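The residues making up each chain are set out below.
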Amino acid sequence: HNYVEALDALMRNESPRNKYLIACPPKGIAHRESTSTPVPAATLIHRALSIIKSNEISKLTVSDVARRLGVSTNLLSLRFREFQHETVRDTILAHKLSKVKSALTHSKKTVQQIANESGFSSANHLSHIFKEKFSVSIREWRAKPQKVNI
């Protein structure tokens, strides 16, 4: 039981009485995200943006992106804010709103259809977010001729 006494002394920040302790090798290393080789931040951000832009699932979440990348949502969010200066959620929303603008400009679909296809819970929710982000209503957006980038 010398090892128990020695460990107890060490835990109390004291020197153990027996100076000749037996060293035991570790049983192994538990492989976790913290022990894995880190993904370079630039690669992580590039892959995240690729997932967001190529996503066909209208209700994409930060957790979905993190899961596809094999990292935690915390790590993804931290790196995103650090390098993109915005949140993953804001980037997903911006991409969705870009698709909404395109659909409003190039189709005759109803706002409800566009909301459903874009992952918004309702036409009202989409309208509220659209007005908040662009300071113009969907009706005003559709009525105003849009510049075409050539």
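Rules and cut-offs
Residues numbered from 1 in each chain as written. Predicted model: local features only at pLDDT ≥ 70, side-chain atom pairs only at ≥ 80, totals over all residues. Heavy atoms only, no water. Helix = DSSP H or I, 4+ residues; strand = E, 2+ residues; numbered from the N terminus. Buried < 20%, exposed > 50% of the residue type's maximum accessible area, 1.4 Å probe, protein only. Contact = heavy atoms within 4.5 Å. Areas by Shrake-Rupley, 256 points an atom, 1.4 Å probe, with all protein chains shown as cover. Expected span 1.5 Å × (residues − 1). Core = buried A, V, L, I, M, F, W, Y, C linked by side-chain atoms within 4.5 Å. Axes fitted to C-alpha atoms, helices over the stretch in contact; angles between N-to-C directions. Parallel < 35°, antiparallel > 145°, perpendicular 65-115°, else oblique. Nonpolar A, V, L, I, M, F, W, Y, C, P; charged D, E, K, R; others polar. Phe/Tyr/Trp six-rings, centres within 6.5 Å; stacked < 30°, edge-to-face > 60°. Lys NZ or Arg CZ within 6 Å of the ring centre and 35° of its normal.

1. A short note on the overall build of the chain
Okay, step 1: Helix and strand content of the chain: 8 helices and 0 strands.
Okay, step 2: Counted from the first residue to the last, the chain has its helices and strands arranged as α-α-α-α-α-α-α-α.
Okay, step 3: Counting all 150 residues of the chain, 27% fall into the buried class.
Okay, step 4: Across the chain, the fraction of contacts at a sequence separation of at least 24, relative to all contacts at a separation of at least 6, is 50%.
Okay, step 5: On the chain, roughly 11,300 Å² of surface is accessible, and the fraction owed to carbon and sulfur atoms is 54%.

2. Structural notes on helix H4 (residues 73-84)
Okay, step 1: Taking 1.5 Å of rise per residue, the 12 residues of H4 would be expected to cover 16 Å, and the 15 Å separating its terminal C-alpha atoms lies within 8% of that figure.
Okay, step 2: Residues of H4 that are buried sit in contact with helix H2 (41-54), helix H3 (62-69) and helix H5 (88-106).

3. Quick notes on H5
Okay, step 1: The terminal C-alpha atoms of H5, which comprises 19 residues, lie 27 Å apart, in line with the 27 Å expected from a rise of 1.5 Å per residue.
Okay, step 2: Buried within H5 we find Val88, Thr91, Ile92, Leu93, Lys96, Leu97, Val100, Ala103 and Leu104.
Okay, step 3: Residues of H5 that are buried in the fold lie against H2, H3, H4, helix H6 (111-118), helix H7 (123-134) and helix H8 (138-143).

4. Things to note about the nonpolar core
Okay, step 1: Residues Ile52, Val65, Leu69, Leu76 and Phe80 are the most contacted members of the largest nonpolar core, which totals 15 residues.
Okay, step 2: Elements supplying a minimum of two residues to this core: H2, H3, H4 and H5.
Okay, step 3: By residue number, the principal contributor to this core is H2, which donates 6 residues.
Okay, step 4: With near-sequence residues (within four places) excluded, valine 65 lies in contact with Ala48, Ile51, Ile52, Leu60, Leu76 and Ile92.
Okay, step 5: Formed by 14 residues, the second largest nonpolar core is a distinct cluster that contains Ala115, Ile129, Ile138 and Trp141.

5. Here we look at the packing of H5 against H7
Okay, step 1: Between H5 and H7, whose axes approach to 11 Å, the crossing angle comes to 100°. With respect to H7, the element H5 is oriented roughly perpendicular. Of the residues in H7, those touching H5 at Leu93, Leu97, Val100, Lys101 and Leu104 are Leu126, Ile129, Phe130, Lys133 and Phe134.
Okay, step 2: Here the residues of the contact of H5 with H7 sort into 8 nonpolar, no polar and 2 charged.

6. Focus on the packing of aromatic side chains
Okay, step 1: What the rule picks out here adds up to 3 aromatic pairs.
Okay, step 2: Seen in terms of ring centroids, phenylalanine 130 and tryptophan 141 are 5.8 Å apart; in terms of plane orientation they differ by 75°. Their pairing is edge-to-face. Here phenylalanine 130, found in helix H7, pairs with tryptophan 141, found in helix H8; they are 11 residues apart in sequence, far enough to count as distant.
Okay, step 3: Residue class for tryptophan 141 comes out buried when judged on its relative accessible area of 12%.
Okay, step 4: Judged by centre distance (6.5 Å) and plane angle (35°), the rings of phenylalanine 134 and tryptophan 141 are tilted.
Okay, step 5: Taking relative accessible area as the criterion, phenylalanine 134 reaches 29% and is therefore assigned partly exposed.
Okay, step 6: Aromatic rings pair up to connect Phe130, Phe134 and Trp141 into one cluster.
Okay, step 7: Across from the ring centre of phenylalanine 120, 4.6 Å away, lies the NZ or CZ of lysine 96, which sits over that ring.

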